[in-house]
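Examining the three-dimensional arrangement
Given next are the chains, with one letter for each unit.
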Amino acid sequence: MNRHLDVASVRQAARGRWPEVLAEIVGADCLTGKNHPCPACGGVDRFQFNRKSEAGAFVCRSHPRQGGDGFELIQHVLACSFSDAVRLVAQALGIVAVNGTGRAKMPSLPPAAPPAVDWRGKRMAARHLWQSAAPITAADPVGRYLTRRRLPIPADADALRYHAGLQYWTTGADGKPEMIGEYPALVARIVAPDGLAVGLHRIFLNEAGEKFSHRSLPAKKLFKCGELAGAAVRLSPVVDDRLAVAEGIENAMAFGLATGLPCWSALSASLLPGVVLPPSVRRVYVALDPDPAGQRATDRLAERMMNEGRQVFLCPPPDNAADWNDALPVLMDRGGAT
């Protein structure tokens, strides 16, 4: 007979325990109860987790329903099905399925806890996606996207690639996965401090090189295949003791072009303070975002870097621009970019 889990039993067992359950499955950084970038679709402060909610409620202004419960948060972050989310919650709680009755019960003795997320399977999926992507050229939608932003076409395919038809999945009105379609996308490889890939950041586009726009769904989506703590998109190799760090990929590319410094992207304000840099880097340049979340993240990173004995240089965008990518066209038009 098939072994299966009763959703109502898992839901009941998770009530009031969502902070610890979600910390194991999606990570604790976004569960503080304060506004954060969404762990699934980014932004600045569009996401908030309700720590007092027994259902694990969250709000994300870019979510199709503006938020949901703990199961929907797992689906949103991991881009998985509802049944997969239930299985992950059951594993985190130590619940086992039983034969026949369809009821879930707690074991009398805790079993050896399996990993909450199948990282091996996700790494295989990420590797397949990365290998199916191609170097970026000026003639493809990603090249057009970068050109629109006055950003350079990468000279190699180590960090950024172009995918001609990437599937866009979301959660439908019935709570089940829904594929919206296939779209061109910029794919960025996220690398951990040990040099292993731990995720892919995807920016969905249209053929004209403009950001994907459909039903207010986010154009940017994150695919995790490992822990993101300390990781970054390594847009440039380190050539001496200097390295710059920025939040977003476009800002990192813009800062690198404007200054001639190699620059890495930490992807978000929540990840920026923990980014791990090579020991050879002694001078750190932070291309800060001037919004409150960006300033707080920069302060935390700067304090950590100085505690490690490094020099830190804070670099706000010039001319009161919103960010470095916003400032880049003006700098280039007056000859201020290298």
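Predicted model, so just to flag it, every value in this text is computed and none were measured.

What follows deals with the overall build of the protein. When helices and strands are counted, the protein shows nine helices and 15 strands. In terms of C-alpha radius of gyration, the protein reaches 21 Å, essentially the compact-globule figure of 20 Å for 338 residues. Over its C-alpha atoms, taken along the principal directions, the protein stretches across nearly 70 × 45 × 30 Å. A total of 338 residues make up the protein; the buried ones form 49% of that total. Here the contacts in the protein between residues at least 6 apart in sequence split such that 59% fall between residues at least 24 apart. Split by element, the accessible area of the protein, about 15800 Å² in all, is 52% carbon and sulfur. Taking the average location of the 39 positive side-chain charges in the protein and that of its 33 negative ones, the two points are 5 Å from each other.

This paragraph deals with the environment of Met-332. Counting through the fold element by element, Met-332 comes out in helix α9 (residues 324-333). For the pair Met-332 and Leu-257, spaced 75 residues apart in sequence, the C-alpha separation works out to 9.4 Å.

Let us look at the sheet that holds strand β14 (residues 283-287). In space, the four strands of this open sheet follow the order β13-β12-β14-β15, with parallel pairing throughout. Each having just a single partner strand, β13 (263-265) and β15 (311-314) make up the two edges of the open sheet. If you compare each strand with its neighbour and ignore which way they point, the axes differ by 25° on average. In the sheet, strand β12 (residues 242-246) pairs with β13 via three bridges, with the strands oriented parallel. Across the sheet, the residue bridging to Ala-246 is Ser-265, located in β13. In the packing of helix α8 (residues 292-307) onto the sheet, the strands contacted are β14 and β15, and the crossing angle to β15 comes to about 160°.

As a further point, take the packing of helix α2 (residues 18-25) against helix α4 (residues 82-93). At a closest axis distance of 10 Å, the pairing of α2 and α4 adopts a crossing angle of 110°. With respect to α4, the axis of α2 lies roughly perpendicular. Residues Trp-18, Val-21, Glu-24 and Ile-25 of α2 pack against Leu-88, Val-89, Ala-92 and Leu-93 of α4. Counted by class, the contact of α2 with α4 contains seven nonpolar, no polar and one charged residues.

Before going further, it helps to spend a moment on the sheet that holds strand β8 (residues 160-171). Strand order in the open sheet formed by four strands is β8-β9-β10-β11, with antiparallel pairing between adjacent strands. Edge strands, defined here as strands with exactly one partner in the open sheet, are β8 and β11 (220-224). Across the sheet, the mean angle from the axis of one strand to that of its neighbour is 40°, orientation sign disregarded. Where strand β9 (residues 177-191) meets strand β10 (residues 197-204), seven bridges bridge the pair, whose relative direction is antiparallel. Paired with Val-191 across the bridge in β10 is Ala-197. Across the sheet, helix α6 (residues 141-148) touches β8, β9 and β10, and the angle it forms with β9 is around 65°.

Another aspect to go through is the packing of helix α7 (residues 249-259) against α9. Running from N to C, α7 and α9 cross one another at 30°; their axes reach a closest spacing of 8 Å. Considered as vectors, α7 and α9 are oriented roughly parallel to each other. The handedness of the crossing between α7 and α9 is left-handed. Here Glu-250, Asn-251, Ala-254, Phe-255, Leu-257 and Ala-258 of α7 come into contact with α9, specifically with Trp-324, Asn-325, Leu-328, Leu-331 and Met-332. Looking at the contact of α7 with α9 residue by residue, the classes come out as eight nonpolar, two polar and one charged.

Going through the model one piece at a time under the given rule, you end up with 13 salt bridges. Taking the shortest distance from any N to any O, the salt bridge between Arg-11 and Asp-69 comes out at 3.0 Å. With a gap of 58 residues between them, Arg-11 in helix α1 (residues 7-14) and Asp-69 in the loop between β5 (67-68) and α3 (70-78) connect regions that are remote in the sequence. Overall, the relative accessible area of 32% leaves Arg-11 in the partly exposed class. The buried category is assigned to Asp-69, whose relative accessible area is 17%. The network of salt bridges with common partners includes Arg-304, Glu-308 and Arg-310.

Reading the values: the criteria
Residues numbered from 1 in each chain as written. Predicted model: local features only at pLDDT ≥ 70, side-chain atom pairs only at ≥ 80, totals over all residues. Heavy atoms only, no water. Helix = DSSP H or I, 4+ residues; strand = E, 2+ residues; numbered from the N terminus. Rg over C-alpha atoms; globule rule 2.2 N^0.38 Å. Buried < 20%, exposed > 50% of the residue type's maximum accessible area, 1.4 Å probe, protein only. Contact = heavy atoms within 4.5 Å. Areas by Shrake-Rupley, 256 points an atom, 1.4 Å probe, with all protein chains shown as cover. Lys, Arg positive; Asp, Glu negative; His and termini not counted. Charge placed at Lys NZ, Arg CZ, Asp CG, Glu CD. Pairing = 2+ DSSP bridges. Axes fitted to C-alpha atoms, helices over the stretch in contact; angles between N-to-C directions. Parallel < 35°, antiparallel > 145°, perpendicular 65-115°, else oblique. Nonpolar A, V, L, I, M, F, W, Y, C, P; charged D, E, K, R; others polar. Left-handed = near helix turned anticlockwise from the far one by under 90°. Salt bridge = Lys/Arg side-chain N within 4 Å of Asp/Glu carboxyl O.

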